[in-house]
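An overview of the molecular structure
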Amino acid sequence: MRTNEEMARLQAAVSALGDVHVSAWPEDTLKDRLGELSATLVTLDALLTRVADEVRARGLRIEEPVPA
């Protein structure tokens, strides 16, 4: 089912982002990659906003999970 594949891809993206620790990057690397990083973050923000807006457009709420 396509929905299962899409959820798996979203979960893989979350996992990949969880492994990114810019604070550990050398200063020169961060400076060299800042333009690319900025563009990526702006694109990511736009895509997350689109998905959230599509959920809200269906009359549903996006809620933070309650910690156990």
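My aim in this report is to walk through the structure given alongside it, one point at a time. (Residues numbered from 1 in each chain as written. Predicted model: local features only at pLDDT ≥ 70, side-chain atom pairs only at ≥ 80, totals over all residues. Heavy atoms only, no water.)

**Some thoughts on the overall build of the chain**
Spelled out, the test is: Think of it this way: any DSSP run of H or I at least four residues long counts as a helix, any run of E at least two long counts as a strand, and we number them from the N terminus. Note on method: radius of gyration uses C-alpha positions; expected globular size equals 2.2 Å times residues raised to 0.38. Under the scheme applied here, a residue whose accessible area is under 20% of the maximum for its type counts as buried, over 50% as exposed, and between as partly exposed, the area being computed with a 1.4 Å probe on protein chains only. Residue exposure ignores everything except the shown protein chains as possible cover, and the areas themselves are Shrake-Rupley values with a 1.4 Å probe. Charged residues are defined narrowly, with Lys and Arg counted positive, Asp and Glu counted negative, and His plus the chain ends left uncounted. By convention, charge coordinates are those of NZ in Lys, CZ in Arg, CG in Asp, or CD in Glu.
Scanning the chain from N- to C-terminus turns up 2 helices and 0 strands. By the compact-globule yardstick of 11 Å for 68 residues, the chain is too spread out, its C-alpha radius of gyration being 16 Å. Per-residue burial for the chain yields a buried fraction of 3% across its 68 residues. As displayed, the chain offers around 6,400 Å² of accessible surface, 58% of which is attributable to carbon and sulfur atoms. Here the chain carries 8 positive and 12 negative side-chain charges, and the mean point of each set is 7 Å from the other.

**Some points on the pattern of salt bridges**
Definition in use: In what follows, salt bridge is the name for a side-chain nitrogen of Lys or Arg lying within 4 Å of a carboxyl oxygen of Asp or Glu.
Enumeration according to the criterion identifies 5 salt bridges in this entry. One salt bridge connects E36 with R33, and the closest N-O pair in it is separated by 2.8 Å. In this pair, E36 and R33 are both assigned in helix 2 (residues 27-57), 3 residues apart and thus about one turn of the helix distant. Classification of E36 as partly exposed rests on a relative accessible area of 46%. Judged by relative accessible area, R33 falls into the partly exposed class, the value being 41%. Note that R61 and E63 form a salt bridge whose closest N and O atoms lie 3.7 Å from each other.

Taken by themselves, the reported measurements are silent on function.
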